[in-house]
Amino acid sequence: MKLLVAGGAGYLGSVLIPRLLDRGYEVDVVELFWFGNSLPDQVGILNKDIFSLTVEDLRHYDQVIFLAGLSNDPMAEYSPSKNFVLNAAAPAYLGYIAKNAGVKRYIYASSCSVYGYTENELYDETRHVSSSYPYGISKLQGEQAALQLMGDNFSVISLRKGTISGYSPRMRLDLIVNTMFKTAVRDGLITVNNPSIWRPILSIDDAATAYVRAVEANAKISGVFNLASGNYTVGEVADIVRNRLDEQLALRIQLNIKHIQDFRNYKVSTEKAANVLSFHPTGSVKSIVDNLIENSHNFRDWDNPLYSNILTFRELDNKVEIPSMAVAQ
Ligand SMILES: NC(=O)c1ccc[n+]([C@@H]2O[C@H](COP(=O)([O-])OP(=O)(O)OC[C@H]3O[C@@H](n4cnc5c(N)ncnc54)[C@H](O)[C@@H]3O)[C@@H](O)[C@H]2O)c1
């Protein structure tokens with residue numbers, strides 16, 4: 001089976017693609033390489049923007065996976081117009097040409113951020129979505145465009161992921177557990193902006209497993225699936241990071257607890273993914289910290305701008321011409 005992964009050289013793709021190769025799939029990526037390329041050599045490279053692909057380019061793929069776009073709130077707020085082009089229009093266009101090329105399945109990287117601010121209830125995929133900020137709105141637009149392409153010969157699977165954390169060869173230190181790990185080890189301090197806020201946390205290994213399950217799901221399966229390794233309050237995440245670093249590395253970490261209002265607060269049910277995709281997460285905040293400890297020799301230059309999406313994106317925005325971004329100038 002031949003797969004095309006848009007945005008495959010990013011944080012998630014750099015862990016997922018070796019897993020797909022290991023299972024015998026042939027994988028190409030379409031990429032702008034904003035954060036470099038840590039992919040294995042056997043990956044085929046289309047070094048271009050999603051918008052420059054045509055139906056013809058997609059004829060030989062069985063499935064297409066969308067992992068591209070602006071992947072967090074700071075990037076989306078830095079440039080809301082580019083956010084809506086790259087997070088809403090790009091996945092819509094890619095799904096559209098994939099369907100017309102005879103591709104059998106389109107897997108879309110959605111986010112639990114579509115749930116916005118909820119009261120303390122467990123949300124399943126039937127619940128109302130309401131976000132009022134650019135990233136959440138655009139991820140929902142991308143998802144809705146993808147889903148309405150669904151048909152008898154075109155499966156669409158949208159994976160609403162919690163915040164991913166853990167080690168990737170394309171490292172990000174701007175994701176909740178990774179950020180806490182960084183400041184804890186570097187400064188002996190974890191800052192918690194609001195300890196009572198709920199977040200679904202997804203280990204990067206569980207995230208990659210979910211995509212493998214989606215690729216291998218029965219052809220008739222389509223739909224939206226929440227993905228998380230577990231639901232935690234941010235205060236609890238900080239405690240686990242702190243305790244684990246004490247147990248494993250004898251580090252004494254201070255907590256700086258603040259009470260800043262957040263516009264995202266949600267916890268999600270992953271029962272549907274378990275029942276339909278056979279997704280049974282094995283990760284936890286504790287296992288994520290262990291994974292970061294084990295790999296920390298690879299990302300000890302904590303302040304490398306490549307580990308921060310917003311720092312890199314600001315630089316790119318000023319220096320590099322990105323074709324689809326020109327659309328939104
Ligand atoms: N990381 C998370 O916690 C998380 C959680 C929920 C959803 N998601 C979604 O999952 C996807 C992957 O996240 P990630 O953390 O790996 O992101 P990332 O920022 O590490 O990678 C995105 C990649 O997409 C590429 N790209 C962006 N626009 C492109 C375009 N128009 N054409 C070609 N390539 C393009 C970039 O070069 C980059 O390598 C994103 O869509 C994100 O919104 C991520």
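Residues numbered from 1 in each chain as written. Predicted model: local features only at pLDDT ≥ 70, side-chain atom pairs only at ≥ 80, totals over all residues. Heavy atoms only, no water.

**Section: the packing of aromatic side chains**
- For the coordinates displayed, the defined rule picks out 11 aromatic pairs.
- Each residue in the set Trp34, Phe35, Tyr78 and Phe313 is aromatic and connected to the rest through ring pairs, giving one cluster.
- Lying across the ring of phenylalanine 35, arginine 170 places its NZ or CZ 3.7 Å from the centre.
- The residue whose ring lies beneath lysine 272 is phenylalanine 225, and the NZ or CZ to ring-centre distance is 4.7 Å. (Phe/Tyr/Trp six-rings, centres within 6.5 Å; stacked < 30°, edge-to-face > 60°. Lys NZ or Arg CZ within 6 Å of the ring centre and 35° of its normal.)

**Regarding helix H4 (residues 134–147)**
- The terminal C-alpha atoms of H4 lie 20 Å apart, and with 14 residues this matches the ideal 20 Å at 1.5 Å per residue to within 8%.
- Of all 14 residues that make up H4, 10 are buried, and the element is covered over most of its length.
- Taken as a whole, H4 has its buried residues at Pro134, Tyr135, Gly136, Ser138, Lys139, Leu140, Gly142, Glu143, Ala145 and Ala146.
- The elements touched by buried residues of H4 are strand E4 (63–66), helix H2 (73–78), helix H3 (80–100), strand E5 (105–111), strand E7 (155–161) and strand E11 (223–227). (Helix = DSSP H or I, 4+ residues; strand = E, 2+ residues; numbered from the N terminus. Expected span 1.5 Å × (residues − 1). Buried < 20%, exposed > 50% of the residue type's maximum accessible area, 1.4 Å probe, protein only. Contact = heavy atoms within 4.5 Å.)

**Re the site of the ligand**
- Around the ligand lies a shell of 32 residues, among which Glu31, Ser71, Tyr135, Arg170 and Arg172 are the nearest.
- Within the backbone of tryptophan 34, one N or O atom sits 3.1 Å away from an oxygen atom of the ligand.
- Take arginine 172: an N or O atom from its side chain is 2.7 Å from an oxygen atom of the ligand.
- Computed on the free molecule, the ligand has an accessible area of 830 Å², of which 98% lies beneath the protein chains in the complex.
- Mapped by element, the contributors of at least two residues to the shell around the ligand are E5, H4 and strand E8 (163–165).
- Ranked by residues supplied to the shell around the ligand, first place goes to E5 with 3 residues. (Near = heavy atom within 4 Å. Polar contact = N/O pair within 3.5 Å; in protein donor to acceptor, adjacent residues only side chain to side chain. Areas by Shrake-Rupley, 256 points an atom, 1.4 Å probe, with all protein chains shown as cover.)

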